[in-house]
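Structure at a glance
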Amino acid sequence: MMRRLLVMTLLAMAALGCGERPGRAPGIIGLEVDARDLPRGLLHAREILPVRPGTAWLWFPKWMPGTHAPCGPVENLGGLRITLPSGATVAWRRDDEQPNRFRCEIPPDADRVVVAIDYLCNNPSVNSDGVDSFGNVDMGVVNWNTCLMYAEPPEGAAGADDAVRLRAQIRLPDGWGRTCAIDSMPDDDGSLHLQECSLAELIDAPLLAGVNLHSVAISDGRLRVSLDMLGPAGQSLEIDDEVVAELRSLVREMEAEFPGPAPFAQYHLLTVLSDVIPETGLEHQRCSLNIFPVAEWNGGASSEALGQLAHEFCHAWCGKYRRPAGMVTGDYHRAEHTSLLWVYEGLDMYLGEVLSARAGIVDADGFVARVENFAEEMALQSGRAWRSVEDTAIANWQLRAPCRRWGELRRDQDYYLEGMLFWIEADAIIRTETQGARSLDDVCARFLAVEPGASPRPYTGDDVVAALTAVLPYDWRGLVESRIMRPAASPPWTSLERCGYRVDMSAKPSSSPTAIREHGFDERWSLGMSIQRGIVSAIVPGSAADRARLGPGMRVSLVDGKPLSAASLMDALTRSRTTGVVSLRCNDGHGWRDVQLAYDGGPQRLTISRSSDAPDLLAAIARPRAAAAQIPQTAILPAVDNVPVAPAPDGSLQTVP
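First, a word on what this report is: a plain description of the structure on this page. Here the structure is a predicted model, which is why all the values come from computation and not from measurement. (Residues numbered from 1 in each chain as written. Predicted model: local features only at pLDDT ≥ 70, side-chain atom pairs only at ≥ 80, totals over all residues. Heavy atoms only, no water.)

This next bit is on unusual backbone geometry. Backbone geometry places glutamine 435, a non-glycine residue, at a positive phi of 55°. Of note, glutamine 435 is situated in the loop between α11 (417-433) and α12 (440-447). Exposure remark for glutamine 435: the relative accessible area of 70% places this residue in the exposed category. One non-glycine residue with positive phi stands out, namely aspartate 560, at about 50°. Here aspartate 560 shows up in the loop between β30 (555-559) and β31 (562-563). (Helix = DSSP H or I, 4+ residues; strand = E, 2+ residues; numbered from the N terminus. Buried < 20%, exposed > 50% of the residue type's maximum accessible area, 1.4 Å probe, protein only.)

Below you can see the structure in the form of structure tokens.
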């Protein structure tokens, strides 16, 4: 412990310039964040920013990694003051076209300015909730992009993310613990000094803080992983042994999937339990930020919550280390080109779902059911006929907000699910053509391999095709063109059919009573509509409901003259085989009227079943790959310390004092 303390002390002295205030070294940004007002939803920052004399353009970070969007929440600035170190005011003016960009004139004898920021927490947009800052009486989430600015580099100069260095410190409310992927050292005045890092590293490392913080060492094997949990005061953060075992199994499966070096020294699964802070999941290189309602993780954890951890964890390789070239901009103000999100997110969706199944987070039947549900949901997206998967990727942040009505025509961020279906189909092709000798695992081991050199390691669409071709010569470019680049007239059943499954329609009852209570009546495959709490929620174009000119938002009270219920709806659908009509009493806002739906198909449900003459490739894909050897069990760290785990000089996991 003494050796570790000495090393940490020397690192802190080096980062702070042997006693100099942060930022005094030429070319290095000094950042002081006062988070003691987080209980009131405020952050205060003081930044010493190197600049050049003349016109300077300062940026509040705009294009945020992980969100793939120009969502840097500049609208939440509650104060911006720019001065010289002498205290003289430097006037600024916001750019007319770029609200995150500020112009100021620097005197000839000045080489730095002091930027003071007040930030209003707890006001995220639909795009910024993963990169915003939050605070209440007992916890806070600090995303550093909300409390700093950087100078726009001169034309032709290196970008701002890796070229700019920072020495940052933060002051937290008394009694609060913290965890962050960047090591820190406490000062006598209560401040925490972070290791010197690049702007990219700091923005990529959110900090959690609060009175109730608990860490569990998941693995100290080749992949070093901790689960760092933050919850409301008084909330138990103890987790079931079963959850720990599932996470350890996940790490083993990831070690099998990514056999080479890791793109991190240690990985933090940052997990916030809160009914106040918005739910989110966002990837980073050395950590992920995951925010869940308290009920979703109470001792145990839902398979959806653990699946999110798996999805964001896989991004350390797929998205953060290997990243589309158009999304590697070198700063936070140039637009990202996101057309390859069907790889960034679609392949990662495949990895998260598959590794969750291999780790036992979901069982094999559950994995198959999820893939079937994804395919069914994509088949019901009428917008597939005019909008390609690639187009949903290019317009990703514009599609992030759910469409309340007629969303099937617009499409959502379908590069996730339909991208995943592409990669399942690719896996099935490789397994079939090589008689099981190779799979998409071989592609991932090559394509996502960590190599010496800079991070991120960019790729193009040609690189993706080349990686697939290296494992199996095939017309991959044609498959990408057909599945990703062009609109689709037919449902996406090919991925299931190649995996040994058959898609049919059958006269099954509607949903189960539990499903009806949770999701309403889903009759999109029969009448072409779904009803939630008596209100039409979706209409399938070209269906009986569409031809009858029903629309989302209409109320339904009666079906064939009887109060709407599962029984009355099923009776009406059954009678339709002979009557050729289903009658609904509807209200479109102008009064109640009876609407006749011309329909004679009876109850219709999509059914997906195994083909008797083909191997079950979904089962093969979900089969565990990790060796039977167990990762050494590590103890649960004491909750009373409220501190994160960090690698010690001897390589063990220890708590940070």
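Let us now look at the environment of aspartate 600. Structurally, aspartate 600 is set in the loop between β33 (592-598) and β34 (605-610). Residues aspartate 600 and valine 581, spaced 19 residues apart in sequence, show a C-alpha to C-alpha distance of 6.3 Å. Not counting chain neighbours up to four residues away, the residues in contact with aspartate 600 comprise Ser576, Arg577 and Gly580. (Contact = heavy atoms within 4.5 Å.)

Moving on to the side chain of asparagine 212. The residue asparagine 212 is located in the loop between β18 (207-210) and β19 (213-220) in this model. There is a polar contact of 2.7 Å between the side chain of asparagine 212 and the backbone oxygen of glutamine 235. (Polar contact = N/O pair within 3.5 Å; in protein donor to acceptor, adjacent residues only side chain to side chain.)

With that settled, consider α11. Compared with an ideal rise of 1.5 Å per residue, which puts 17 residues at 24 Å, α11 spans 24 Å between its outermost C-alpha atoms and is within 8% of the ideal. Burial analysis of α11 places 15 of its 17 residues in the buried class, the great majority of the element. In the stretch just after α11, glutamine 435 is the one whose phi turns positive, near 55°. (Expected span 1.5 Å × (residues − 1).)

Right, let's get into the environment of cysteine 499. Summarising the element assignment, cysteine 499 is placed in the loop between α15 (494-498) and β26 (501-506). Spatially, the C-alpha atoms of cysteine 499 and leucine 617 are 4.6 Å apart, while their sequence positions differ by 118 residues. If sequence neighbours within four positions are ignored, cysteine 499 has contacts with Ile424, Ala428, Pro615, Asp616, Leu617 and Leu618.

A few words now on the packing of α11 against helix α14 (residues 476-485). Their axes nearest at 11 Å, the elements α11 and α14 cross at an angle of 150°. In terms of their interaxial angle, α11 and α14 are classed as roughly antiparallel. As for how α11 packs across α14, the hand of that crossing is right-handed. The residues of α14 that touch α11, namely those facing Glu418, Phe422, Glu425, Ala426, Ile429 and Ile430, are Trp476, Leu479, Val480, Arg483 and Ile484. Counted by class, the contact of α11 with α14 contains eight nonpolar, no polar and three charged residues. (Axes fitted to C-alpha atoms, helices over the stretch in contact; angles between N-to-C directions. Parallel < 35°, antiparallel > 145°, perpendicular 65-115°, else oblique. Left-handed = near helix turned anticlockwise from the far one by under 90°. Nonpolar A, V, L, I, M, F, W, Y, C, P; charged D, E, K, R; others polar.)

This is a description of form; function is not addressed.
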